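# Structure assessment
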Amino acid sequence: MSLLELSAVTAFYGPSQALFGVDLAVEEGEVVALMGRNGMGKTTTIRAICRLLPIREGSIRLDGRDIRALPSFRVARMGVGLVPEGRRCFPNLTVEENLLAAARPGEWDMPRVMRLFPALAPRRGQMAASLSGGEQQMLAIGRALMTNPRLLLLDEATEGLAPVVRQEIWAAISRLKSETGLGIVVVDKSLRELRTVADRGVILARGRTVWEGGFDRLDEDLTSRYLGV
Amino acid sequence: MSREAVLNGVIALGLLAVPLWAWAADEPFVITLATRVAILALAGVGLNIALGLGGLVSFGHAAFFGIGGYAMGILASHAQSYEPLMEWPVLIEGTRSMPVIWLVAVVASALAALVIGALSLRTSGVYFIMITLAFAQMLYYFTISWPAYGGEDGLSIYLRNSFPGLNTLDPIQFFAICYAILLAALFFTARLAKSPFGLALAAARQNAARVEAVGIRPYRVRLVAFVISAALTGLAGALFADLNRFVSPAMFGWNISGEIMVLVILGGVARLFGPVAGAALFILLENVLGGISEYWQVFLGLLLLGVVLFARGGLVGLIAGREATHD
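Residues numbered from 1 in each chain as written. Chains lettered and ligands numbered in written order. Predicted model: local features only at pLDDT ≥ 70, side-chain atom pairs only at ≥ 80, totals over all residues. Heavy atoms only, no water.

Before going further, it helps to examine the overall build of chain B. Counting its secondary structure elements, chain B contains 13 helices and 2 strands. Here the C-alpha radius of gyration of chain B, 19 Å, is about what a compact globule of 327 residues would show, namely 20 Å. Counting only C-alpha atoms, chain B reaches 55 × 50 × 40 Å along its principal axes. Counting the 327 residues in chain B, one finds 53% classified as buried. Contacts in chain B between residues at least 24 apart in sequence constitute 77% of all its contacts with a sequence separation of at least 6. For chain B, the computed accessible surface area is about 14400 Å², with 69% contributed by carbon and sulfur atoms. Taking the 16 positively charged and 16 negatively charged side chains of chain B as two groups, their mean positions are separated by 17 Å. (Helix = DSSP H or I, 4+ residues; strand = E, 2+ residues; numbered from the N terminus. Rg over C-alpha atoms; globule rule 2.2 N^0.38 Å. Buried < 20%, exposed > 50% of the residue type's maximum accessible area, 1.4 Å probe, protein only. Contact = heavy atoms within 4.5 Å. Areas by Shrake-Rupley, 256 points an atom, 1.4 Å probe, with all protein chains shown as cover. Lys, Arg positive; Asp, Glu negative; His and termini not counted. Charge placed at Lys NZ, Arg CZ, Asp CG, Glu CD.)

This part is about unusual backbone geometry. Note that the residue after B:W88, namely B:P89, is joined by a cis bond; omega there is 5°. Here B:P89 is to be found in the loop between α3 (62-81) and α4 (98-120). The backbone of A:A8 shows a phi angle near 50°, a positive value even though the residue is not glycine. Here A:A8 shows up in strand β1 (residues 4-13).

Taken as a whole and assessed by the stated rule, the structure comprises 1 cavity of 30 Å³ or more. A volume near 40 Å³ is recorded for the largest cavity. Lining of the largest cavity is provided by A:C50, A:S72, A:V75, A:A76, A:V80, A:L82 and B:A213. For the lining of the largest cavity, the secondary structure elements donating two or more residues are α2 (72-77) and β6 (80-83) of chain A. Take the lining of the largest cavity: its biggest share by element is 3 residues, from α2(A). The residue makeup of the lining of the largest cavity, split by class, is 6 nonpolar, 1 polar and no charged. (1 Å grid on protein atoms, 1.4 Å probe; cavity = no way out; pocket = protein on both sides within 12 Å on 5 of 7 lines; lining within 4 Å. Points joined across faces, edges and corners; volume = space filled by probe spheres on them. Nonpolar A, V, L, I, M, F, W, Y, C, P; charged D, E, K, R; others polar.)

A word on the pattern of salt bridges. All told, the structure shown has 17 salt bridges over all chains when counted by the stated rule. Between A:R200 and A:E30 there is a salt bridge, and its shortest N-O distance comes to 2.6 Å. Highlighted residues: A:R200 in strand β9 (residues 200-205) and A:E30 in the loop between β2 (16-26) and β3 (31-35), separated in sequence by 170 residues. Each member of the pair, A:R200 as well as A:E30, is classed as buried. Residue A:E97 pairs with B:K194 through a salt bridge whose shortest N-O separation is 2.9 Å. Placement of the pair is A:E97 in helix α3 (residues 95-102) and B:K194 in helix α6 (residues 171-194), with the two residues belonging to separate chains. For B:K194, a relative accessible area of 53% gives the class exposed. Taken together, the shared-partner salt bridges in this structure form one network comprising A:E28, A:D63 and A:R150. (Salt bridge = Lys/Arg side-chain N within 4 Å of Asp/Glu carboxyl O.)

Before going further, it helps to spend a moment on the pairing of β6(A). All names here are of chain A. Residues V80 and L82 of β6 are buried on one face, and the alternating residues G81 and V83, pointing to the opposite face, are buried as well. Here β6 runs beside strand β7 (residues 151-155); their pairing, made up of 4 bridges, is parallel. Note on β7: the bridge partner recorded for V83 is L154. (Pairing = 2+ DSSP bridges.)

Across the boundary between the two partners, chain A contributes 21 residues, which contact 21 residues of chain B. Summed over both sides, the interface of chain A with chain B buries roughly 1800 Å², with 61% coming from carbon and sulfur. Where chain A packs against chain B, one counts 1 salt bridge. Taken together, the links from chain A to chain B amount to 5 residue pairs in polar contact (both at pLDDT 80 or more). Those elements that place two or more of their residues in the side of chain A that touches chain B are α2, β6 and α3 of chain A. The residue makeup of the side of chain A that touches chain B, split by class, is 13 nonpolar, 3 polar and 5 charged. (Buried area = accessible area lost by both parts, 1.4 Å probe. Polar contact = N/O pair within 3.5 Å; in protein donor to acceptor, adjacent residues only side chain to side chain.)

With that out of the way, let us pick up the layout of surface pockets. All names here are of chain B. There is about 290 Å³ of room inside the second largest pocket. What lines the second largest pocket is a set of 14 residues, and nearest its centre among them are L15, V18, V37, A280 and L284. For the lining of the second largest pocket, the elements supplying multiple residues, two or more each, are α1 (3-24), α2 (28-53) and α11 (274-292). A per-class count over the lining of the second largest pocket returns 12 nonpolar, 2 polar and no charged.

Turning next to the pairing of β1(A). All names here are of chain A. Bridging between β1 and β2 involves 8 bridges; their strand directions are antiparallel. Across the sheet, residue L6 finds its bridge partner in β2, namely L24. The pairing of β1 with strand β4 (residues 55-62) spans 6 bridges and is classified as antiparallel. Following the sheet pairing, E5 is matched in β4 by R61.

Attention shifts here to the packing of α2(B) against α11(B). Residues and elements named next belong to chain B. Interhelical geometry of α2 versus α11 gives an angle of 135° and a closest axis separation of 8 Å. With respect to α11, the axis of α2 lies oblique. Our pair here, α2 against α11, has a crossing hand that is right-handed. Judged by residue contacts, F29, L33, R36, V37, L40, A41, G44, V45 and N48 of α2 engage P275, V276, A279, A280, I283, E286 and N287 from α11. Split into classes, the residues belonging to the contact of α2 with α11 amount to 11 nonpolar, 3 polar and 2 charged. (Axes fitted to C-alpha atoms, helices over the stretch in contact; angles between N-to-C directions. Parallel < 35°, antiparallel > 145°, perpendicular 65-115°, else oblique. Left-handed = near helix turned anticlockwise from the far one by under 90°.)

Bringing helix α5 (residues 125-144) of chain B into the picture now. Residue and element names in this part refer to chain B. An ideal rise of 1.5 Å per residue puts 28 Å on 20 residues; α5 measures up with 29 Å between its terminal C-alpha atoms. Those residues of α5 not exposed but buried are F128, T132, L133, F135, A136, Q137 and T143. Against α3, α4, α9 (218-244) and α10 (254-267) lie the buried residues of α5. (Expected span 1.5 Å × (residues − 1).)

Such coordinate-based values are descriptive only and should not be taken to indicate function.
Shown next as structure tokens:
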């Protein structure tokens, strides 16, 4: 039984259909790269998993349990941690308060988050709104980890960041992979880093899963056709 | 120590010093004014949990202020008349004991807030404001048409209720009780704001969807905050009724909800000592400007406009700066 399993998921934004049949499976301890060009349904899929967007057809199972009817806070409590696109911390809470607000009992606590992202330690008492983009991203990941998830969803975690900060984020994801049993879904455009970190890739095109497999099978034809690389 | 912490200390000491001076100078009226400040500040501290921490613009906190007042009025009037409140299925008699009255006021206000909050928190914005106002107005009209407890005329209590070891008829001793409760409420609020619950409440105010994504149900957090907020305001209502030895439907009036909100805004929304500073300023203006003109509220309105437009952190924010805010 997979940790997460999406089967033929369809979803709509109002009258507009955004997902036409997404299939995705993530095992415990596995990093899966969710790829595709802009507007192909990657963020929508992440939102559907978190129940931030209702799905019309298909099923989403977490540990074999259908979570379609659950509200988003219950899905989060079941162990789904979201790092949303655009970072989105609580701007008028301090770093420490952002982390404490999300804290749930488990292995992840404040010192462990600070060890993963040492740059946050000297900023503990600083308002999130006054952090740099990279620090806010680290805080967003740290906040998701404080919920002690079993599945971590990273939506464009390195977008718009300086190269040196992006490397820090990728290094942190690698550490999460090697040191924890977290299932991780990464949405990102950096194919080079995804190849290094992810175990498998899934490509979405026009709201459908069109390919999935190991990166050794991802040839030039596929990348140029579906990823525009 | 931050500038706001120093200012808070000054406000707390100032509110203590004025009645002590009045006691030494034999000015009981000033002690009564300081007691009013402490009680209204307590009501404001209650509202500030919902409004400041939770961003819940309740325009119906008079409901809880009035419930607290009537808890005192009903229990004390039965003790006064030696008629039991209820004989069947259990005998419930009236009481003059302040701690018992406070407990009843807090529980009754909290239960009312649980019902009102459970319904009104399903809405937001202007609808939430209107529903809370509607509940308060319902209670206002209910008490007007409740002849058993004085109807429109209200209830007079001949003697102030008792507190073990103190003479509550002595203004300075009654002030001491109100002041101690206010300090306890401020301490509680400060701890609440820094607790995981308080942080979740502040986070829900900033973005409810983001809070859900970390496994917190904003509705429940807000409901608990609303109940705590109402309980403190209800306690203030019981003290206010004891101060005046009188309770009437006016305690449920929309203008009371407005006054509590005005003093929170004047002092500083989400600032710990904002309601205390606001209540002190409110009572000061009422007595100084009220002595000059019966239209003193025109000046209060102008001041409120000034605060809203130019000093969003209220009096506390103006003096202590904005750095400590969580709004």
